[in-house]
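Chain residues, written in single-letter form:
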Amino acid sequence: MLILACLAGASSACVFAPLEDLPPPPAEPQPAASVEPIAPAPEPAAPPAPVKPKPSRPPTAVRPSPPPSDRVVVLLPKNNVGFERALPALERQLTLRGFDVVAIEAHAAPYVLPAPKTGQKTLAIAVGAEAEDVAAGLGVPTVFCQIAPVDVAPDEDTPNLHGVPALPPLSLQLRAWRQLSPGLARVAMILGPGRDATAAEARRVAKAESVSLILRTASSDQEALYLFKRLAPEVDGLWLVPDNTVLSPRVIKAMLDQAARHKVQTLVFTPTLLEWGGLASVSSTPGNLAWTLAEVVSRLASEPADVPALTPLSEAELDVNEGEAVKLGLHPPARSWIVRDEAW
């Protein structure tokens, strides 16, 4: 179909053209589309580390309570003279070794110990002959002390009985005496029957100290005095060791008087005898006695088969009667001093 158009007042010519040949109308401008940048794809996350299963905790075992400390019962005589200085040191030594300590008077047999704790082992220390008699009926391992003389070891009927002698070894006694009197040469010793062990030990230590020892055996105190009266002019020393079979207080006093008359030096076994005219006394020290007792008890608790019947002390304390020393022309280095066994 043809469309005719005439425009009024325009050119007289009219242009006829097919509709298809007309140029397309200009396109309307479109707003520019906004372009957003494309974010890079995130890297894949590392897979989580595998979680190790916690090991299952075994049920907590109930630990048994440790056994109680062994108990040491210190059996004291009614009259504790001579041991009162050693007792505090002994309790301290035993406590340091982990023992429970009970100190009681035991001066009447039979005696019943206080009941121990469950599982607690009991040991005993018997101070003096009376306490030893009490301990013998208790049936517990026992260490005795302050009993003199101690020549015979406990017999097979008392395997639980062990001892610490009342006095230091004869070797320490004679060494201390020689320090007071270097010129000591001939010494008399009078013993009762059955003192073979003491006699043998005295001979051995006298030889080691280059001292001539004159030994005599008496059967009574009167015989002991008689023997010394005969020996006094021949010796320069009298060595008294405790033995109640031949040394009564009366005879000891008479022997000391006889010694002073002949200017014979005397070594006695307790400071009390210095007041009777003795020149020097030898005794144990409280600390060494306590230490030795505690050591024996410790070994009885742990290794009883290795504990000897008797364990010697390792210290000797010498006390000097200075008045008697002056009379005899001696010059002691001190009023008292201690001699120790170098082997300890």
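Residues numbered from 1 in each chain as written. Predicted model: local features only at pLDDT ≥ 70, side-chain atom pairs only at ≥ 80, totals over all residues. Heavy atoms only, no water.

Engineer: What is the right way to look at the overall build of the protein in this model?
Structural biologist: Counting its regular elements, the protein contains eight helices and twelve strands. A total of 344 residues make up the protein; the buried ones form 41% of that total. When the accessible surface of the protein is split by element, carbon and sulfur atoms take 58% of a total near 20,600 Å². (Helix = DSSP H or I, 4+ residues; strand = E, 2+ residues; numbered from the N terminus. Buried < 20%, exposed > 50% of the residue type's maximum accessible area, 1.4 Å probe, protein only. Areas by Shrake-Rupley, 256 points an atom, 1.4 Å probe, with all protein chains shown as cover.)

Engineer: Even after reading the chapter, I still don't get the pattern of salt bridges, so can you show me in this structure?
Structural biologist: Oppositely charged side chains are able to pair whenever their charged atoms sit close together. Enumeration over the complete set of coordinates arrives at eleven salt bridges. The closest approach of N and O atoms between Arg-299 and Glu-303, which form a salt bridge, is 3.5 Å. The class for Arg-299 is partly exposed, based on a relative accessible area of 31%. Put simply, Arg-340 and Glu-315 hold a salt bridge, and the shortest N to O gap is 2.9 Å. One end of the pair, Arg-340, is in strand β12 (residues 336–340); the other, Glu-315, is in strand β11 (residues 315–320), with 25 residues separating them in the sequence. With a relative accessible area of 15%, Glu-315 lands in the buried category. (Salt bridge = Lys/Arg side-chain N within 4 Å of Asp/Glu carboxyl O.)

Engineer: I keep staring at the side chain of Glu-315 and nothing clicks. Help me out?
Structural biologist: Of the polar contacts made by the side chain of Glu-315, one reaches the side chain of Thr-285; its length is 2.6 Å. Non-local contacts of Glu-315, meaning those with residues more than four positions away in its chain, are made with Pro-168, Leu-172, Ser-283, Ser-284, Thr-285, Asn-288, Ile-338, Val-339 and Arg-340. (Polar contact = N/O pair within 3.5 Å; in protein donor to acceptor, adjacent residues only side chain to side chain. Contact = heavy atoms within 4.5 Å.)

Engineer: Is there a simple way to think about the environment of Gln-179 in this case?
Structural biologist: On the secondary structure map, Gln-179 appears in helix α3 (residues 170–180). Taking the relative accessible area as the measure of exposure, Gln-179 reaches 41% and is therefore partly exposed. Separated by 154 residues in sequence, Gln-179 and Pro-333 have C-alpha atoms that sit 8.3 Å apart. Among all residues touching Gln-179, those that are not within four sequence positions of it are Pro-333, Trp-337 and Val-339.

Engineer: Looking at this model, I keep getting lost on unusual backbone geometry. Mind explaining?
Structural biologist: Leaving glycine aside, a negative phi is the common case for residues, and trans is the common case for peptide bonds. Phi angles above zero are rare outside glycine, and Gln-146 is one such case at about 60°. Assignment of secondary structure puts Gln-146 in the loop between β4 (142–145) and β5 (161–163). Classification of Gln-146 as partly exposed rests on a relative accessible area of 28%. Backbone geometry places Lys-263, a non-glycine residue, at a positive phi of 55°. Turning to its location among the elements, Lys-263 is positioned in the loop between α6 (249–261) and β9 (265–268).

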